[in-house]
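# Chain and residue survey
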Amino acid sequence: MTIGKEAFGHCPEGPVERITIENANGLAVSAITYGATLISVLVPDSTGTREEVTLGFDSLEGYLGKHPYFGATVGRVANRVSNGAFKLNGRTYKLDRNEGGHTLHGGSEGFNRKLWNAELAGEANEASVVFSRTSPDGEAGFPGNLAVSVRLSLSEQNELTLTYEATTDQATPINLTNHSYWNLSAQPSRTIREHIVRIDPGHYLPTGEGQIPTGDVASVDGDPHDFRTKKAVGADIEDVPGGYDVCYLYGDELDSAAVMASDSLRRIVEVEDPTSGRTMEVHTTLPGVQFYSGNKLSGAPARAGGTLPKHAGMCFETQFLPNAINEPAFPSPILRPGEKLSHKTVHVFSNG
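Residues numbered from 1 in each chain as written. Predicted model: local features only at pLDDT ≥ 70, side-chain atom pairs only at ≥ 80, totals over all residues. Heavy atoms only, no water.

### A look at the sheet that holds strand β4 (residues 37-44)
Backbone hydrogen bonds hold the strands of a sheet together, and the pairing may be parallel or antiparallel. Strand order in this open sheet of five strands is β1-β2-β3-β4-β5, and the pairing throughout is antiparallel. A single partner strand is all that each edge strand has here, and the edge strands are β1 (2-11) and β5 (50-52). The average angle at which neighbouring strand axes cross in this sheet is 20°, direction not considered. (Pairing = 2+ DSSP bridges. Helix = DSSP H or I, 4+ residues; strand = E, 2+ residues; numbered from the N terminus. Axes fitted to C-alpha atoms, helices over the stretch in contact; angles between N-to-C directions.)

### Some details on the pairing of strand β8 (residues 85-88)
Where β8 lies against strand β9 (residues 91-94), four bridges are found, and the strand directions are antiparallel. Bridging across to β9, F86 finds its partner in Y93. Between β8 and β9, which follow one another and run antiparallel, lie two residues, and N89 among them has a positive phi close to 55°.

### Observations concerning the packing of aromatic side chains
Throughout the structure, instances matching the rule amount to 13 aromatic pairs. On the numbers, 5.7 Å between centres and 50° between planes, the contact of W182 with F349 is tilted. Of the two residues, W182 is situated in the loop between β16 (177-178) and β17 (196-199) and F349 in strand β27 (residues 341-350); the sequence distance between them amounts to 167 residues. When sorted by exposure, W182 lands in the same class as F349, which is buried. For the ring pair Y204 and Y248, a centre distance of 6.4 Å and an interplane angle of 50° mean the geometry is tilted. One end of the pair, Y204, is in strand β18 (residues 203-204); the other, Y248, is in strand β21 (residues 245-249), with 44 residues separating them in the sequence. For the pair formed by Y204 and Y248, the shared burial category is buried. (Phe/Tyr/Trp six-rings, centres within 6.5 Å; stacked < 30°, edge-to-face > 60°. Buried < 20%, exposed > 50% of the residue type's maximum accessible area, 1.4 Å probe, protein only.)

So far we have only geometry, and geometry alone does not tell us how the molecule works.
What follows is the structure in structure tokens.
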């Protein structure tokens, strides 16, 4: 197990560092302090050939420019907040409306556009980098000084773990996730339509205008959103207008206290690329996962130059439920003084 860091350029807030962790199996991950961004995951295929399985850039300039959140830590509130506003403790808070009148992933200057601190830690069977920062009261319109950290760890068991922690001095909504785009074939031009996916939950959140949840919870029974039995991403994608961009959740009972107190990992997603033999499982303590099939990637910049096709990669964004701050029936995303948010997501890789 090795871990190290090196310079990776400068952002408006200062110098950016790249941290790389590699295990004895040849799996290597790299992340940068700008946006606490996961910029590379190298995984051997069934023949031992190690290749890149995420979308992104080879230099900082790409991440400083406009891009679809490649590998970023997004917050203070990931996903969408309807009409860019919410009420809390009798006060209305207005946010940056950066997507059709709504707020997406914390606004145009969210956590993905901030410089984080980084501390390295190495052990015999696991190495980690802890990204941390304090989001000041009023940043992007959110209340409270929020101390937040993301621990990225790689183990000798091929487990890539993201542990999110936060405390606040005022009540504030919080919803943190990682926005990596995965293509286990390592060939974005092939798209992810032939990837075999299983999504364990049997319910999802229907959406309306602007991809805002309607407040209902729907069963996947008899629906193209049903991935409880493994199937190719492309098998039913033409029956979903625009492609998959939906939050799955366990059960149809929205129990706020149970969700916030959850500390047990559950497998929520399994992915396989039949050609390379690579697989990835996603386990999380969070109640939901947003499955996005890269519907708007057409023309986005590619890592090695040129542009990407539609469906070049897919995201599995573990999280609290989108727009929960404006849906009283959804589990509360509010963190209060004296409380500590702590949630974990684990990606487990294999190569057949």
